[in-house]
Amino acid sequence: ADMIYACGPTPMLRAIKKYAEANGIECYISLEERMACGIGACLACVCKSKEKDAHSNVNNKRIAKNTAYLTIRALLIMFISLYTSRVILDKLGVEDFGIYNVVGGFVGIFSFLKTSFSSVTQRFLNLSLGRDDQVEARKIFSQHLLLYCIAIVILIILAETVGLYFVENKLVIPKNRLDIAITIYHFSVLTICINIFGIVYNSAIIAHENMKVFSYIGIIEGLSKLGIAFSLVVCDIDRLLLYGFLM
């Protein structure tokens, strides 16, 4: 065999490790432990190791260590979203809130690209990092970044031709808000392009399993939305235009 992947009882994994070392075979072992709390706080999900764990200062490694960051991120974003949704609806009004969701939702059709691209990039980066091949990982990063730039150009062409025609001629928007709705549409297209460009960086963070950074980014995004809601409260300019620009 060129490579071994194994999971199962610890004695079996230990024997497989010795066999792989004796025969010079690259080996990947999946460590499995009971998870009591599920976030690594109670240290039930530990595996004995030669080095001391930085958290517990004993000779073990936690299996679950990223969940705490992700849980805090999810809870904070949830509470911020519950608060800001009510404020935004109140300050925009039903009509402007509906216009933003219709126009932004049309652009959101393209958001499926973000999920698909992210899964592909993360998969290839995981394979390279699993082999500890930094050169290949950097090559994949550069290639995917170039591909996403090409995708952005294609998206802009389609959005500013076919998409813009659809918004101007097919969507039912009050005439006195049509110009602002088109401006919102351009802002939304720009947002999608920025998100696609950032996919490769986001995938690299996840592939390195640096969930602390990933959580910080999510928290900053949540706080930014809170700042946007506050801006709608204190500013006197057209709130739909302001909201579209800040989003």
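Residues numbered from 1 in each chain as written. Predicted model: local features only at pLDDT ≥ 70, side-chain atom pairs only at ≥ 80, totals over all residues. Heavy atoms only, no water.

**Student:** Which residues make up the overall build of the protein chain, and what are the values?
**Tutor:** From N to C terminus, the protein chain includes eight helices and four strands. Seen in sequence order, the protein chain has helices and strands lined up from the N terminus as β-α-β-β-β-α-α-α-α-α-α-α. When each of the 247 residues of the protein chain is scored for burial, the buried share is 32%. If you take every contact in the protein chain between residues at least 6 apart in sequence, the share linking residues at least 24 apart comes to 59%. Accessible surface computed for the protein chain: about 15,500 Å², of which carbon and sulfur atoms make up 63%. (Helix = DSSP H or I, 4+ residues; strand = E, 2+ residues; numbered from the N terminus. Buried < 20%, exposed > 50% of the residue type's maximum accessible area, 1.4 Å probe, protein only. Contact = heavy atoms within 4.5 Å. Areas by Shrake-Rupley, 256 points an atom, 1.4 Å probe, with all protein chains shown as cover.)

**Student:** Let's hear about the packing of helix H5 (residues 178–197) against helix H6 (residues 199–207): which residues, and what values?
**Tutor:** The axes of two packed helices give the description: the angle between them and the distance between them. Where H5 contacts H6, the two axes come as close as 4 Å, and the packing angle between them is 40°. If you check the angle between H5 and H6, you find them oblique. From H5, Asn-195, Ile-196 and Phe-197 reach across to H6, where they touch Ile-199, Val-200 and Tyr-201. Of the residues assigned to the contact of H5 with H6, the class counts are five nonpolar, one polar and no charged. (Axes fitted to C-alpha atoms, helices over the stretch in contact; angles between N-to-C directions. Parallel < 35°, antiparallel > 145°, perpendicular 65-115°, else oblique. Nonpolar A, V, L, I, M, F, W, Y, C, P; charged D, E, K, R; others polar.)

**Student:** Let's hear about the pattern of salt bridges: which residues, and what values?
**Tutor:** Under the criterion given, the structure shown has three salt bridges. Lys-17 serves as the salt-bridge partner of Glu-21, at 2.9 Å between the closest nitrogen and oxygen. Of this pair, Glu-21 and Lys-17 both sit in helix H1 (residues 10–23), four residues apart, which is roughly one turn of that helix. Of the charged contacts in the structure, one is a salt bridge between Asp-90 and Lys-91, with a shortest N-O distance of 3.9 Å. (Salt bridge = Lys/Arg side-chain N within 4 Å of Asp/Glu carboxyl O.)

**Student:** Tell me what's going on with the packing of helix H7 (residues 211–234) against helix H8 (residues 239–246), and back it up with residues and numbers.
**Tutor:** Taken N-terminus to C-terminus, the directions of H7 and H8 make an angle of 160°; their axes are 10 Å apart at the nearest point. On the basis of the axis angle, H7 is roughly antiparallel to H8. In the packing of H7 onto H8, the handedness of the crossing is right-handed. Along the contact surface, H7 presents Ile-228, Ser-231, Leu-232 and Val-233, while H8 presents Arg-239, Leu-242, Tyr-243 and Leu-246. Tallied by class, the residues present in the contact of H7 with H8 amount to six nonpolar, one polar and one charged. (Left-handed = near helix turned anticlockwise from the far one by under 90°.)

**Student:** Before we move on, could you go through the pairing of strand S2 (residues 26–30) and cite the residues and values that matter?
**Tutor:** The pairing of strand S1 (residues 3–7) with S2 spans five bridges and is parallel. Residue pairing in the sheet places Met-3 in a bridge with Glu-26 of S2. For the segment spanning S1, H1 and S2, crossover handedness is right-handed. (Pairing = 2+ DSSP bridges. Right-handed = clockwise from strand over helix to strand, strands pointing away.)

**Student:** Quick rundown of the side chain of His-144? Include the residues and the values.
**Tutor:** Locating His-144 in the fold gives a position in helix H4 (residues 134–169). Among residues more than four places away in sequence, those in contact with His-144 are Val-120, Thr-121, Phe-124 and Val-200.

**Student:** Quick rundown of the environment of Gly-222? Include the residues and the values.
**Tutor:** Note on placement: Gly-222 falls in helix H7. Accessibility expressed as a relative area gives 4% for Gly-222, which makes it buried. With 141 residues separating them along the chain, Gly-222 and Ser-81 place their C-alpha atoms 7.6 Å apart.

**Student:** Go over the packing of aromatic side chains with me, naming the residues and quoting the values.
**Tutor:** All told, the structure shown has three aromatic pairs when counted by the stated rule. Where Tyr-5 meets Tyr-28, the ring centres are 5.4 Å apart and the plane angle is 15°; that geometry is what we call stacked. Of this pair, Tyr-5 sits in strand S1 while Tyr-28 sits in strand S2, placing them 23 residues apart in sequence. Ring geometry for Phe-141 and Tyr-201: centres 5.2 Å apart, planes at 80°, overall edge-to-face. Of the two residues, Phe-141 sits in helix H4 while Tyr-201 sits in helix H6, which places them 60 residues apart along the sequence. (Phe/Tyr/Trp six-rings, centres within 6.5 Å; stacked < 30°, edge-to-face > 60°.)

**Student:** I'd like to hear about the nonpolar core, residue by residue, with values.
**Tutor:** Grouped together as the largest cluster of nonpolar side chains are 30 residues, with contacts concentrated most on Val-103, Ile-173, Tyr-185, Ile-196 and Tyr-243. Contributing elements (two or more residues each) for this core: helix H2 (67–107), H4, H5, H6, H7 and H8. For this core, the element with the highest residue contribution is H5, accounting for nine residues. (Core = buried A, V, L, I, M, F, W, Y, C linked by side-chain atoms within 4.5 Å.)

**Student:** Account for the environment of Ile-173, with residues named and values stated.
**Tutor:** In this fold, Ile-173 is placed in the loop between H4 and H5. Sequence-wise, Ile-173 and Val-102 are 71 residues apart; in three dimensions their C-alpha atoms are separated by 9.3 Å. Excluding anything up to four places from it in sequence, Ile-173 contacts Ile-99, Val-103, Val-167, Leu-178 and Ala-181.

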